[in-house]
Amino acid sequence: MKDNYQPIGVFDSGYGGLTILKSIIEQLPQYDYIYLGDNARTPYGSRSFDVVYEYTRQAVMKLFSMGCQLVILACNTASAKALRTIQQNDLPLFDPSRRVLGVIRPSIEKIPQYTKTGHVGVLGTTGTVLSNSYPLEINKIAGDRIIVTQEACPMWVPLVENDETSNPAADYFVRKNITNLFNKDPEIDTVILGCTHYPLLLPAIIKYLPDDVLLIEQGPIVAESLADYLVRHPEINQKCSKAGSRRFLTTESVQNFEPRASMFLGSPVNAEKIHL
Ligand code: DGL
């Protein structure tokens, strides 16, 4: 790699972050990107705080060692459980000039404009739901004006990772969790897909979501927020190299990763297997 190769790193526990990378590339094609999927250790959603933090830290350090100055945690579970500790404890020791950003904060910024009833639903992994990151972040910007109801969907990530998104089992679990969410609060008018894997279940989600409910997908929102961040932070922007290259890393076998990653990204993926 050339000396000035300083790609933007995009990390997820598996395939889900590709839904974020796809939107980011659409908006910001000029940058170099490295995607890292920890497919061998996915899912993260049911793992403890310590384990998610440790796995995420390893992935971030790997991406830093490959030249990244900026890493996006394109994973809600990692954003909920590891981002703050990495920002506050690891970055100051390792290199305070590098940046790690998550997906939760950008996803909630416009929620007060979207909801009319003031009732918002969040679908996420068990880890994200138990962390309470969404209610806490929404509370910071809207106080008690917005009531947040969450539903953990522990089967959704395994369905996506195992390529079982279009069978009756996927329909069963999607319907069950969406029904649970609206049973808890029938006044919800805005639902956040709080896991980057969930857009891959979109056909089933749309089928069971009430018609008049607004569905918030993170890809375009995170891409817009990153574009804005790079404008507001020229010192970071100028460090990110812009040769339009893409590199894909996975901790699983390349044979498993490439066909599905290509499908999710909508363009051919040639991956490299790495160890963390
Ligand atoms: N894509 C991850 C997220 O957004 C999935 C987490 C998991 O591996 O369970 O939370």
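Everything discussed here concerns the structure shown above.
Residues numbered from 1 in each chain as written. Predicted model: local features only at pLDDT ≥ 70, side-chain atom pairs only at ≥ 80, totals over all residues. Heavy atoms only, no water.

Asker: Got a sec to walk through the sheet that holds strand E3 (residues 70-73)? Specific residues and values, please.
Answerer: What the six strands build is an open sheet, ordered E4-E3-E1-E2-E9-E10; its pairing is parallel. The open sheet has two edge strands with one neighbour each: strand E4 (99-101) and strand E10 (271-273). Between one strand axis and the next, the sheet turns by 20 degrees as a mean value, whatever way the strands run. Across three bridges, E3 lies against E4 in parallel orientation. Of the residues in E4, the one forming a bridge with Leu-70 is Arg-99. Of the strands in this sheet, E3 and E4 touch helix H4 (residues 83-94), which is tilted by about 170 degrees from E4. (Pairing = 2+ DSSP bridges. Helix = DSSP H or I, 4+ residues; strand = E, 2+ residues; numbered from the N terminus. Axes fitted to C-alpha atoms, helices over the stretch in contact; angles between N-to-C directions. Contact = heavy atoms within 4.5 Å.)

Asker: Account for the pattern of salt bridges, naming residues and giving values.
Answerer: Where charged atoms from two side chains of opposite charge come close, those side chains can pair. As enumerated under the stated definition, the model contains twelve salt bridges in all. A salt bridge links Asp-38 to Arg-41; the nearest nitrogen and oxygen atoms lie 2.8 Å apart. An identical accessibility class is assigned to Asp-38 and Arg-41; each is buried. Glu-137 is the salt-bridge partner of Arg-105, the closest N and O atoms lying 2.9 Å from each other. (Salt bridge = Lys/Arg side-chain N within 4 Å of Asp/Glu carboxyl O. Buried < 20%, exposed > 50% of the residue type's maximum accessible area, 1.4 Å probe, protein only.)

Asker: I'd love a proper account of the side chain of Ser-241, names of residues and values included.
Answerer: Within the secondary structure layout, Ser-241 lies in the loop between helix H13 (234-237) and strand E9 (246-250). Side chain to side chain, Ser-241 and Asp-32 meet in a polar contact 2.6 Å long. Not counting chain neighbours up to four residues away, the residues in contact with Ser-241 comprise Asn-4, Tyr-5, Gln-6, Pro-7, Gln-30, Tyr-31 and Asp-32. (Polar contact = N/O pair within 3.5 Å; in protein donor to acceptor, adjacent residues only side chain to side chain.)

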